[in-house]
Amino acid sequence: MLGNVIAFRRYTPGGSLFGERWVGLRYVKLFLGDPTFWHVFTNTLLLGVLTLLFLFPLPIVLALLLNEVRSRFFKRFVQTVSYLPHFLSIVVVAGLIFQILSMDGVVNQALQAVGHDRIPFMQQPEWFRTIYVSSEVWQTVGWGTILYLAALTTIDDNLYEAARMDGANRWRQTWHVTLPGIRPTAVTLLILNIGTFMAVGFEKILLLYNPLTYPTADVISTYLYRVGVVSGSFSYAAAIGLFESIIGLILVLSANTISRRTVGASLW
């Protein structure tokens, strides 16, 4: 945390750990007036919204579906298959994406087989968000069901029995018993996801993007990498990183307050 002071001091590599001299809000004014920063800020928001919209509800849906499966063998098989991608290295996942979506990859071969022209997916900016979100869904949705499946086991069976006696069908039981039972877990994970809203996957984006896809792929974390690590503007990068952290803190506090007042569940 003390290192954040270089956002307000001029820092040079090899010099003082906390900067050479005080410059105040100079770097803050620089990035606030930088059109490139606002472009990557917009990209970060869009990718964050898309990721949250898909990665938050889908594990709940998958957990509810698995909870209805009566065959233990099939249930365990689906769980295992859905968990496995989480354990793959980001580098391996990126390699698979490049192989599948290359000009000679499986997808383009299928398109050519049905008479469609091949598409350079990894060179067209308009495809990047779809590729990124789809790969995140494939890699993380199965793993995200673990907490929800654990929460489902804590729901009292007597509640389902009472619902059936009142004439509730399976959908009504899910709506009035299951979902309220996992609500505290869902709210906690939602708040945590909102807290990392601005920190979309740096490693995967860094491996997948290229100058051709910068218009939609470049986010704050990759911009910080190029500005701070590659170009050596550590104070400027620290100012942007501090701004990103403040936004994340505001989002967490806001989500926690809204959750406590609306559904009665919160982190604190």
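For the structure, check the block above.
Everything quoted here is computed from the prediction, not taken from an experiment.

Colleague: I would appreciate a short explanation of the overall build of the protein in the present structure.
Modeller: Per the secondary structure count, the protein includes 13 helices and two strands. Taken over the C-alpha atoms alone, the protein extends approximately 75 × 55 × 30 Å along its principal axes. Contacts in the protein between residues at least 24 apart in sequence constitute 64% of all its contacts with a sequence separation of at least 6. For the protein, the exposed area adds up to about 15300 Å²; of that, 67% sits on carbon and sulfur atoms.

Colleague: Help me understand the environment of I131, please; the structure alone is not making it clear to me.
Modeller: Tracing the backbone through its elements, the reader meets I131 in helix α7 (residues 125-152). Taking the relative accessible area as the measure of exposure, I131 reaches 9% and is therefore buried. Apart from residues lying up to four places away in sequence, I131 is in contact with I97, L101, F121 and M122.

Colleague: How should I be thinking about the environment of D218 in this particular structure?
Modeller: Topologically, D218 is positioned in the loop between α11 (214-217) and α12 (220-230). Spatially, the C-alpha atoms of D218 and A110 are 29 Å apart, while their sequence positions differ by 108 residues. Excluding residues within four positions of it along the chain, D218 makes contact with V40, N43, Y209, T213, Y223 and R226. At a separation of 2.7 Å, a polar atom in the side chain of D218 contacts the side chain of T222. At 2.6 Å, the side chain of D218 and the side chain of R226 are in polar contact.

Colleague: What should I look at first to understand the packing of aromatic side chains in this one?
Modeller: Each aromatic ring pair is summarised here by two numbers: the centre-to-centre distance and the angle between the ring planes. The tally for this structure, following the rule as stated, stands at 16 aromatic pairs. Taking 5.5 Å as the distance between ring centres and 80° as the angle between the ring planes, the aromatic pair formed by W38 and F41 counts as edge-to-face. Within this pair, W38 and its partner F41 are both found in helix α2 (residues 35-55), separated by three residues, close to a single helical turn. Taking relative accessible area as the criterion, W38 reaches 35% and is therefore assigned partly exposed. With 6.0 Å between their ring centres and 50° between their planes, F41 and F243 make a pair best called tilted. Of this pair, F41 sits in helix α2 while F243 sits in helix α13 (residues 234-262), placing them 202 residues apart in sequence. We classify F41 as buried; its relative accessible area is 13%. The exposure class of F243 is partly exposed, given its relative accessible area of 21%. One aromatic cluster is present, formed by F31, F37, W38, F41 and F243 through successive ring pairs. Its guanidinium or amino end placed over the ring of Y132, K204 lies 5.9 Å from that ring's centre, counting from NZ or CZ.

How each quantity is defined
- Residues numbered from 1 in each chain as written.
- Predicted model: local features only at pLDDT ≥ 70, side-chain atom pairs only at ≥ 80, totals over all residues.
- Heavy atoms only, no water.
- Helix = DSSP H or I, 4+ residues; strand = E, 2+ residues; numbered from the N terminus.
- Contact = heavy atoms within 4.5 Å.
- Areas by Shrake-Rupley, 256 points an atom, 1.4 Å probe, with all protein chains shown as cover.
- Buried < 20%, exposed > 50% of the residue type's maximum accessible area, 1.4 Å probe, protein only.
- Polar contact = N/O pair within 3.5 Å; in protein donor to acceptor, adjacent residues only side chain to side chain.
- Phe/Tyr/Trp six-rings, centres within 6.5 Å; stacked < 30°, edge-to-face > 60°.
- Lys NZ or Arg CZ within 6 Å of the ring centre and 35° of its normal.

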